[in-house]
Amino acid sequence: MPLLANDTDGALTRKRVETWAAKVEKVTVVAATDAATTQSAATLAGAGQVIYTMTPTAGRALTTPTGAELGAAFTDEAVGTGFEFSVVNLAGATHAITLTAGASGVTLVGSATVAAASSATFVAVFTAANTVSIYRK
């Protein structure tokens, strides 16, 4: 749990631990439409685990927010901390989902393509206030 600017100046309080535990345990499932989709920074910041599902009928892109949007949404993150999300491709046999980087401040590391009938988990790490590297797990 990062200890950055907040109402307790970084002090570890019972309330901060309670808030952190509730977030880590929360899972949000987002059923993405069968179209190019952009992730929501607020959705990613609002849960410990976010799962995107899609049944594409053609190759589709899932675009990350920009680094600045992620930096604004994750208000208590520090360099070296981050978050996780998963992409589940429900297509039966064809049509991949490709994670693409937002306009700026996001770097994808490793394979960003999720083949049909498979899933992938990604770990995003803040490398600066508005810069994120996303690694396939």
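Position numbers for residues start from 1 in each chain and track the written sequence from start to end. Restriction of local features to residues with pLDDT of at least 70 applies here, the model being predicted, together with a cutoff of 80 or more for giving and counting side-chain atom pairs; totals for whole chains, interfaces and linings are based on all residues. With hydrogens and water excluded, all non-hydrogen atoms of the structure serve as input to the side-chain values.

## Brief notes about the pattern of salt bridges
Criterion for a salt bridge: a side-chain nitrogen of Lys or Arg within 4 Å of a carboxyl oxygen of Asp or Glu. This model, assessed by the stated rule, comprises two salt bridges. A salt bridge links R60 to D34; the nearest nitrogen and oxygen atoms lie 2.9 Å apart. Remark: D34 occurs in the loop between β1 (27-31) and β2 (37-38) and R60 occurs in strand β4 (residues 60-63); sequence separation between them is 26 residues. In this structure, E84 and K137 form a salt bridge, with 2.8 Å as the shortest nitrogen-oxygen distance. Of the two residues, E84 is situated in strand β5 (residues 82-89) and K137 in the segment after β10 (131-136); the sequence distance between them amounts to 53 residues. Taking relative accessible area as the criterion, E84 reaches 23% and is therefore assigned partly exposed. With relative accessibility at 64%, the residue K137 sits in the exposed group. Numbering of helices and strands runs from the N terminus; a helix is a DSSP stretch of H or I covering at least four residues, while a strand is a stretch of E covering at least two. Burial here depends on accessible area, computed with a 1.4 Å probe over protein chains only, as a share of the maximum for the residue type. Under 20% is buried, over 50% is exposed, and the range in between is partly exposed.

## Here's the deal with the sheet that holds strand β3 (residues 49-54)
Two strands pair if DSSP finds at least two bridges between them. Spatial strand order, β1-β3-β5-β9-β10-β7: six strands in an open sheet with mixed pairing. Lying at the two open borders of the sheet, with one neighbouring strand each, are β1 and β7 (106-109). Along the sheet, successive strands turn relative to each other by an average axial angle of 20 degrees, direction set aside. Examined bridge by bridge, β5 and strand β9 (residues 118-128) share eight bridges and lie antiparallel to one another. Each bridged residue has a counterpart across the sheet, and for F85 the counterpart in β9 is F122. For every element, the axis is a line fit to its C-alpha atoms; helices are fit only across the contacting stretch, and the angle between N-to-C directions ranges from 0 to 180 degrees.

## Side note on the environment of L108
With respect to the element layout, L108 can be found in strand β7. Residue class for L108 comes out partly exposed when judged on its relative accessible area of 27%. Contacts were defined at the residue level, with two residues in contact if any of their heavy atoms lie within 4.5 Å. When neighbours within four sequence positions are excluded, L108 is seen to be in contact with L99, T100, A101 and I134.

## Remarks on the pairing of β9
Examined bridge by bridge, β9 and β10 share six bridges and lie antiparallel to one another. Residue pairing for β10: A124 is matched across the bridge by I134. Linkage of β9 to β10, two consecutive antiparallel strands, is achieved through a turn of two residues.

## Focus: the side chain of T53
Looking at the secondary structure, you find T53 in strand β3. Ignoring anything within four residues of it in the chain, the contact list for T53 reads V29, V30, A31, A32, V88 and L90.

## Quick look at the confidence of the model for the protein chain
pLDDT runs from 0 to 100 and stands for how confident the predictor is about each residue. Mean pLDDT for the protein chain: 88, with 91% of residues reaching 70 or above. Here residues 1-5 is modelled with pLDDT under 50, and outside its nearest four sequence neighbours on either side it reaches 18 contacts, counting other chains as well.

## Comments concerning the sheet that holds β2
The pairing of strands in a sheet comes from backbone hydrogen bonds and takes either a parallel or an antiparallel form. Spatially, β2-β4-β6-β8 is the arrangement adopted by the four strands of the open sheet, whose pairing is mixed. Each edge of the sheet is formed by a strand with only one pairing partner; in this case those strands are β2 and β8 (113-114).

## Focus: the packing of aromatic side chains
The pairing test for Phe, Tyr and Trp rings, Trp by its six-membered ring, is centres within 6.5 Å, and the orientation test on the planes gives stacked under 30 degrees, edge-to-face over 60, and tilted for anything in between. The final tally for this structure, using the stated rule, is five aromatic pairs. A ring pair is formed by F83 and F126, whose centres lie 6.3 Å apart and whose planes are at 55 degrees; its orientation type is tilted. Remark: F126 occurs in strand β9 and F83 occurs in strand β5; sequence separation between them is 43 residues. When its relative accessible area of 9% is taken as the criterion, F83 is described as buried. Through a chain of ring-to-ring contacts, three or more aromatic side chains come together here, namely F74, F83, F85, F122 and F126.

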